[in-house]
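The lines below spell out each chain.
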Amino acid sequence: MRDPETGIAGRAAMARSSRLRKSDWLDAGLAALAKDGPDALKAEPLARALDTTKGSFYWHFADVPAFHADLIAHWTGGANSALFDAAEEADTHTAALRGMAQQIAAPAPRDPFARAEPAMRAWAASHKGAAQAIASVDAERMQVIAALLDRIGVSNREIAQLILAAANGLPKKVTGDPMGTLVDLVLALR
């Protein structure tokens, strides 16, 4: 019996997998996490999704826990990029605050980091690394929200905590603009 890893088909699969980069695996991991939760973050289902072998997975990662650690770091590095970029591009500090809070509450559907966030938050309940990532991302968000509030004359740090908590906790299918309303309410109290 031929070994599929050393036969012609196996060599073709290995050639395909050698073209995969670590980032391809991490992006596939974000998609799997968003779709099926952390139980999908295993070598075999990810390899199937990428149409390659588990050997490619183990070429890039020592084991599944190492993949989890790299995936969490990858998510942490990208979770706030779109938010902070949009805040920088806003015309005013008020628009930046409003836009950031709205984007946390109702993220862009094409942002893979935003799509994976609910699953990452759920995973944080049982995984220390995911919990540390959530804490880090939220601390960065808190710092930016507090700075924006300070620039528009609201120095109470608890208001920043309230906005972040409301944005994180809003169901994603809420109608209307509750985050905009909350920001407007805060601004009216200045």
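Starting afresh in each chain, residues are numbered from 1 along the sequence in its written order. Restriction of local features to residues with pLDDT of at least 70 applies here, the model being predicted, together with a cutoff of 80 or more for giving and counting side-chain atom pairs; totals for whole chains, interfaces and linings are based on all residues. Hydrogens and water molecules were not included; the side-chain quantities draw on all heavy atoms of the structure.

Caption draft 1: Layout of the layout of surface pockets. Any residue with an atom within 4 Å of a point lines the site, the site being either a cavity, points on a 1 Å grid over the protein atoms alone where a 1.4 Å probe fits but cannot get out, or a pocket, an open set with protein on both sides within 12 Å along at least 5 of 7 lines. Grid points are joined across faces, edges and corners, and a volume is the space filled by probe spheres set on the points. There is about 180 Å³ of room inside the largest pocket. Taken together, 16 residues make up the lining of the largest pocket; nearest its centre are Ile 104, Pro 107, Ala 114, Glu 117 and Arg 141. Counting only elements with at least two residues in the lining of the largest pocket, the list comes to helix 6 (81–89), helix 7 (93–105), helix 8 (112–123) and helix 10 (157–169). Counting from the N terminus, the helices are the DSSP runs of H or I reaching at least four residues and the strands are the DSSP runs of E reaching at least two. No other element matches the 4 residues that helix 8 contributes to the lining of the largest pocket. Any residue that is not Ala, Val, Leu, Ile, Met, Phe, Trp, Tyr, Cys, Pro, Asp, Glu, Lys or Arg is counted as polar, Gly included; the first ten are nonpolar and the last four charged. Within the lining of the largest pocket, the residues separate by chemical class into 9 nonpolar, 2 polar and 5 charged.

Caption draft 2: Unusual backbone geometry, seen in detail. Of note, the phi angle at Asp 51 is positive, near 55°, even though the residue is not glycine. You can see Asp 51 is positioned in the loop between helix 3 (43–49) and helix 4 (54–60). Note on classification: 1.4 Å probe, protein chains only; a residue is buried when its accessible area is under 20% of the maximum for its type, exposed when over 50%, partly exposed between these limits. Residue classification places Asp 51 among the exposed positions, given a relative accessible area of 51%.

Caption draft 3: Inspection of the environment of Trp 123 at higher detail. Mapped onto the elements of the fold, Trp 123 is located in helix 8. The exposure class of Trp 123 is buried, given its relative accessible area of 5%. Separated by 85 residues in sequence, Trp 123 and Pro 38 place their C-alpha atoms 6.5 Å apart. Those residues within four positions of Trp 123 in sequence are excluded, and the remaining contacts are Leu 33, Pro 38, Leu 41, His 68, Ile 72 and Ala 130. Here a residue-residue contact requires only that any non-hydrogen atoms of the pair lie within 4.5 Å.

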